[in-house]
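# Report on the structure
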Amino acid sequence: MIGDRWGVSGEETARTYPCDRLVPSPAMEAWRGITVDAPAEHVWRWVRQIRLAPYSYDWIDNLGRTSPRELRDLDDPRVGDPFLACAGRPLGEVLAVDPGRELTGEILGAVMSYVLVPVGARRTRLLLKIVMRRHRWAAPAVSVGDLVMARKQLLTWKELAERLPA
């Protein structure tokens, strides 16, 4: 499908993600990935801030509000918590979490798993898989639209995590 992969290897698309257990026969699957030159714990601190803002194109999906560029003192998310925030409003639900390693949530019919894979002591692969249960007819449009937004989100988190002192 057009737009179903960005920045991931065949090995990374073949691995099992938490969303696979929640949506065993998805109508749509898409993978995103980026290498961050920072330890996984630095990357995780930004990923868990998705509960505050989307960190992609704020003028589109955050109604012009800038996603925070400083770390907030947040506890790790828990199952049942709101998954993310858009324009200051909580949306979706956290479905699974393994603090420092994985965060899975659902929003608007899409289930997303963020997975952090340490590469040595100072690098991390930040992987994202998105699946949808239904709406096969909308899958190409969702995949391409998500590619643009998720790419920006991952690039933003990369930049922010790489700024933290080692």
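Each remark here, short or long, concerns the structure printed above.
Positions within a chain are numbered from 1, following the residues in the order the chain's sequence is written. Two thresholds apply to this predicted model, a pLDDT of at least 70 for residue-level local features and 80 or more for giving and counting side-chain atom pairs, whereas whole-chain, interface and lining totals are computed over all residues. Based on all heavy atoms of the structure, the side-chain values leave hydrogens and waters out of the count.

## Things to note about the overall build of the protein
Strands here mean DSSP runs of E at least two residues long; helices mean DSSP runs of H or I at least four residues long; both are numbered from the N terminus. Secondary structure assignment for the protein yields five helices and eight strands. In the protein, the order of α-helices and β-strands from amino to carboxyl end is β-α-α-β-α-α-β-β-β-β-β-β-α. The buried label goes to any residue with under 20% of its type's maximum accessible area, the exposed label to any with over 50%, and the partly exposed label to all in between, with areas taken from a 1.4 Å probe on protein chains only. For the protein, with 166 residues in total, the buried portion stands at 49%. The long-range fraction of contacts in the protein, counting pairs at least 24 apart against all pairs at least 6 apart in sequence, stands at 63%. Reported accessibility uses the Shrake-Rupley method at a 1.4 Å probe radius. Residues are deemed covered only where the shown protein chains occlude them. For the protein, the exposed surface amounts to about 8,400 Å²; the carbon and sulfur share of it is 53%. Should any heavy atoms of two residues lie within 4.5 Å, those residues are considered in contact.

## Let's talk about the environment of Leu164
You can see Leu164 is positioned in the segment after helix H5 (139–163). If we ignore the near neighbours within four places in the chain, the residues touching Leu164 are His42, Arg45, Trp46 and Leu71.

## Remarks on the pairing of strand S7 (residues 110–119)
The buried fraction of S7 is high, at seven of ten residues. Where strand S6 (residues 102–107) lies against S7, six bridges are found, and the strand directions are antiparallel. Bridging from a neighbouring strand, Leu103 pairs with Tyr114 of S7. Two strands pair under a simple rule: DSSP has to find at least two bridges between them. Count of turn residues in the S6/S7 antiparallel hairpin: two residues, of which Leu108 carries a positive phi of about 50 degrees. Direction of pairing for S7 relative to strand S8 (residues 123–132): antiparallel, over a ladder of ten bridges. Pairing of Ser113 across the sheet is with Lys129, part of S8. Between S7 and S8, which follow one another and run antiparallel, lie three residues, and Gly120 among them has a positive phi close to 75 degrees.

## Remarks on the environment of Val94
Inspection of the secondary structure assignment puts Val94 in strand S5 (residues 93–98). Each C-alpha atom, one on Val94 and one on Arg51, is 9.5 Å from the other, the two residues being 43 residues apart in sequence. Non-local contacts of Val94, meaning those with residues more than four positions away in its chain, are made with Pro77, Arg78, Val79, Gly80, Asp81, Pro82, Phe83, Leu103, Thr104 and Gly105.

## A word on the nonpolar core
Buried Ala, Val, Leu, Ile, Met, Phe, Trp, Tyr and Cys residues form a nonpolar core when they are joined through side-chain atoms within 4.5 Å. In terms of nonpolar packing, the biggest core is built from 31 residues, with Val43, Val47, Phe83, Met112, Tyr114, Leu126 and Trp157 touching the most fellow members. Going through the elements one at a time, strand S2 (28–36), helix H3 (40–47), S6, S7, S8 and H5 are the ones with two or more residues in this core. The contacts of Met112, once residues within four sequence positions are left out, are Phe83, Leu103, Thr104, Gly105, Ile107, Leu128, Lys129 and Ile130. In terms of nonpolar packing, the next biggest core, distinct from the first, is built from nine residues, Tyr17, Val23, Trp31 and Leu127 among them.

## Regarding the pattern of salt bridges
A pair is scored as a salt bridge if a Lys or Arg side-chain nitrogen falls within 4 Å of a carboxyl oxygen belonging to Asp or Glu. This structure, assessed with the given rule, holds eleven salt bridges. The partner of Glu106 in a salt bridge is Arg133, and the shortest N-O contact between them spans 2.8 Å. Of this pair, Glu106 sits in strand S6 while Arg133 sits in the loop between S8 and H5, placing them 27 residues apart in sequence. Residue Glu106 is classed as partly exposed on the basis of its relative accessible area, which comes to 24%. Each member of the salt-bridge network shares a partner with another, and the members are Asp20, Glu29 and Lys129.

## Remarks on unusual backbone geometry
Positive phi is not limited to glycine here, since Ala87 has a value of about 55 degrees. The exposure class assigned to Ala87 is buried, which follows from its relative accessible area of 10%. A positive phi angle, near 50 degrees, is found at Leu108, a position not held by glycine. Inspection of the secondary structure puts Leu108 in the loop between S6 and S7. For Leu108, a relative accessible area of 82% corresponds to the exposed category.

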